[in-house]
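Each chain, letter by letter, is given below.
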Amino acid sequence: MDLILLAELAVNGVLTGLLYSLFAIGLVLIYKASSVPNLSQGGLTMAGAYVVLALAHDMGLPLWVAIPLAAVVMFVFGMGIERVALRRLAGRPVVMILMMTLGIDIFLRGTTLAIWGGTSRSVDLGVSYEPLFVGDILVSRIHLLGAAVAILLFVVFVLFFRTRLGIRLRAIADDYMASWSVGISVERGVGLSWGLASIVAVSAGIIWGEIQGVDQSLSLLLLKGLTVAVLGGLDSIFGAVLAGIILGIIENVGSAYLDPFVGGGSRDLIMAAVLILTVMLRPHGLFGRTDIERV
Amino acid sequence: MTPALEKEAASILSMNSIEVLYDNVMLAIKGVSIQVPRGGMVALLGSNGAGKSTTLKAISGLLKVERGRISRGEISFDGSVITGLPAQQRVEMGICHVIEGRRVFEHLTPDENLEAAAPVSMNRATLKAEKQRIYEYFPRLAERKNSQAGYLSGGEQQMLAIGRALMTQPRLLMLDEPSLGLAPFLVTEIFGIIRRINKEQGLSVLLVEQNALAALEIVSDGYLIENGRVVMHDTAQALKSNSDIQEFYLGGGSATNFHEIKHYSRRKRWLS
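This write-up is about the structure you can find in this document. Numbering of residues starts from 1 in each chain and follows the order in which that chain's sequence is written. Working convention: letters from A go to chains and numbers from 1 go to ligands, in the order in which they are written. Given that this is a predicted model, residues contribute local features only at a pLDDT of at least 70 and side-chain atom pairs are listed and counted only at 80 or more, while totals for whole chains, interfaces and linings are drawn from all residues. Remark: hydrogens and water are excluded; side-chain values derive from all non-hydrogen atoms of the structure.

Attention now moves to the overall build of chain B. A run of H or I in DSSP counts as a helix once it spans at least four residues, and a run of E counts as a strand once it spans at least two, with each numbered from the N terminus. Each helix and strand counted, chain B has 12 helices and 10 strands in total. Whether a residue is buried, partly exposed or exposed follows from its accessible area with a 1.4 Å probe, protein chains only, as a fraction of its type maximum: under 20%, in between, or over 50%, in that order. Counting all 272 residues of chain B, 52% fall into the buried class. In this analysis, two residues are considered to be in contact whenever any of their non-hydrogen atoms come within 4.5 Å of each other. Nonlocal contacts in chain B, meaning residues at least 24 apart in sequence, comprise 67% of its contacts between residues at least 6 apart.

All names here are of chain B. Strand pairing is assigned whenever DSSP identifies at least 2 bridges connecting the two strands. Pairing of strand β1 (residues 11-22) with strand β4 (residues 68-77), which is carried by eight bridges, proceeds in the antiparallel orientation. Paired with serine 14 across the two strands is serine 76, which belongs to β4. With two bridges connecting them, β4 and strand β5 (residues 80-81) associate as antiparallel partners. If you follow serine 76 over to β5, its bridge partner there is valine 81. If you look at the hairpin formed by β4 and β5, you'll find two residues sitting between the two strands, and aspartate 78 has a positive phi there, around 55 degrees.

Take the sheet that holds β5(B) next. Residues and elements named next belong to chain B. What the four strands build is an open sheet, ordered β2-β1-β4-β5; its pairing is antiparallel. Strands at the two margins of the open sheet, each flanked by one partner only, are β2 (26-37) and β5. The angle between two axes is taken between their N-to-C directions and runs from 0 to 180 degrees, where each axis is a line fitted to C-alpha atoms and a helix contributes only its stretch in contact. Taken strand by strand, helix α2 (residues 52-60) contacts β1, β2 and β4, and its axis lies near 110 degrees from that of β1.

Ranked by size, the top nonpolar core spans 143 residues in total, and within it Phe157(A), Phe138(B) and Leu173(B) carry the most contacts. Looking at this core, the element that brings in the most residues is helix α1 (residues 3-34) of chain A, giving 14 residues. Sequence-distant contacts of Phe138(B), defined by excluding residues within four places in its chain, comprise Met159(B), Ile162(B), Gly163(B), Leu166(B) and Ile193(B). Only buried residues count toward a nonpolar core. Its members are Ala, Val, Leu, Ile, Met, Phe, Trp, Tyr and Cys residues joined through side-chain atoms within 4.5 Å. Counting residues in hydrophobic clusters, the runner-up holds 29 residues, among them Val32(B), Val36(B), Leu44(B) and Ile59(B).

Before going further, it helps to spend a moment on unusual backbone geometry. At Asp124(A), a position not held by glycine, the phi torsion is positive, near 55 degrees. Assignment of secondary structure puts Asp124(A) in the loop between α4 (94-116) and β1 (132-134). Phi is positive for Ser17(B), which is not a glycine, with a value near 40 degrees. If you trace the backbone, Ser17(B) turns up in strand β1.

Our focus in this paragraph is a nonpolar patch on the surface. All names here are of chain A. A patch is a set of surface residues, each over 30% in relative accessible area and not in a salt bridge, joined within 9 Å for like charges and within 5 Å for the nonpolar side chains Val, Leu, Ile, Met, Phe, Trp and Tyr. Note on areas: Shrake-Rupley with a 1.4 Å probe; residue coverage comes only from the protein chains shown. By definition here, a salt bridge exists when the distance from a side-chain nitrogen of Lys or Arg to a carboxyl oxygen of Asp or Glu is within 4 Å. Side chains of Val95, Met99, Leu102 and Ile106 sit close together on the surface and give an oily, nonpolar patch of about 380 Å² of accessible area. Within the secondary structure layout, isoleucine 106 lies in helix α4. With a relative accessible area of 55%, isoleucine 106 lands in the exposed category.

So this is what it looks like as structure tokens:
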């Protein structure tokens, strides 16, 4: 295999990886503010894409109106999830909350299937499918756009978590009881993180919907997104971005080399191997906070 | 005005025959009445499981989180009834509860710990001044304000927990076992600072302690709780010289060996 091809695989791996990061940032947001891995992020992403489609295609709004409007709708929806489903579980064991998020995911899949059916629809952002040559390397424009959105969100949220509101959210993730004791509204904080994660879901939903079409399989992004988030450390936004890049490269380059031998399908194997090895060897990921145990 | 009512008017906190149920079945405290005078310092003494922490949680509203509820009685703070209010609202009114076990926000720096506890409405300049005030009380915290709070020593974490509570601008500070697991010199240091804040700022303090000896040094009066009931209420001076208190909590008894102590404590129980 020649060097140009290797470079092309790597560059496209980076871009694809950043799209995984785009998804994973939503997971990290909720984990950072409530210490719960949100298993419904896939469902939220798919719902976000469907809402954009409903506003843009079914109601005929232009995209520049439909996308921000969808973000607002999903923000309110995310806050609503906390109010209706999670508030009564605050302070309960994490396992219960985890099961609730799984339930929400199944609910979202069922609802979108009932309303919009199973056929794949396209978003059509108006991004050209003409290949773009950077030097000798071929890249996809939509991947480039998605990567840029991921980096933008990364910067925004890193800054956000340094603000007073962001600090309060991190405090909530550390200790619910102590947060209540100093008057921090745990409920509102968790609700806000769900709202923000739902906005991230809209952006991931549009980009991925443009790439592979909007249908039920969009919710399966959770598996790759979760792998990225776990490798990055679940509560580190920087970790999610770096892990996305690393995974993207491993997946793209690795599968190109392995596929001829196993006859395809090695992408998922690589992902699974990374997830299992991370949990076994480095459960807190690359940049995750560790449990502090003083001796 | 009857003497009892007069006393109530002078109190910042008054708790009348409070009963607390956990999970709707377990009666944790059975009719506890406590008064904290404005600007005063009061200790709540008693052994493990006597109901001291439950009493504090009933006052701060943190009971609800642990599926407990007040089934009888009334708590009033600064003249208004707070029995049913949510915890957040009580903090805004000026009640802050430093919960047991130095629960600082471990992954935040001490500086961020203080900021997290500041009221949302506090402006930037006040926030800075308030943090400065806390660092003046606890100079050790200032030295380590940018390291991770989880790695502070036990004494520093307790100081941070108290400093964090002070950021909420309380008028009543409730401390649950601040001396737990700390070296005696640190207990003296921390209690000294609490006393100083009480004097300088007029902050009222309700102190729960198993370390009765240290607590009675700084408070004006104390309540003794056993089995969810107040069994004794007196001035700190009187409590210190009470022979039963000495026997059980101050370790000044006449027993010469462990067997004798056990025998004694079996024989002598406050009847409830």
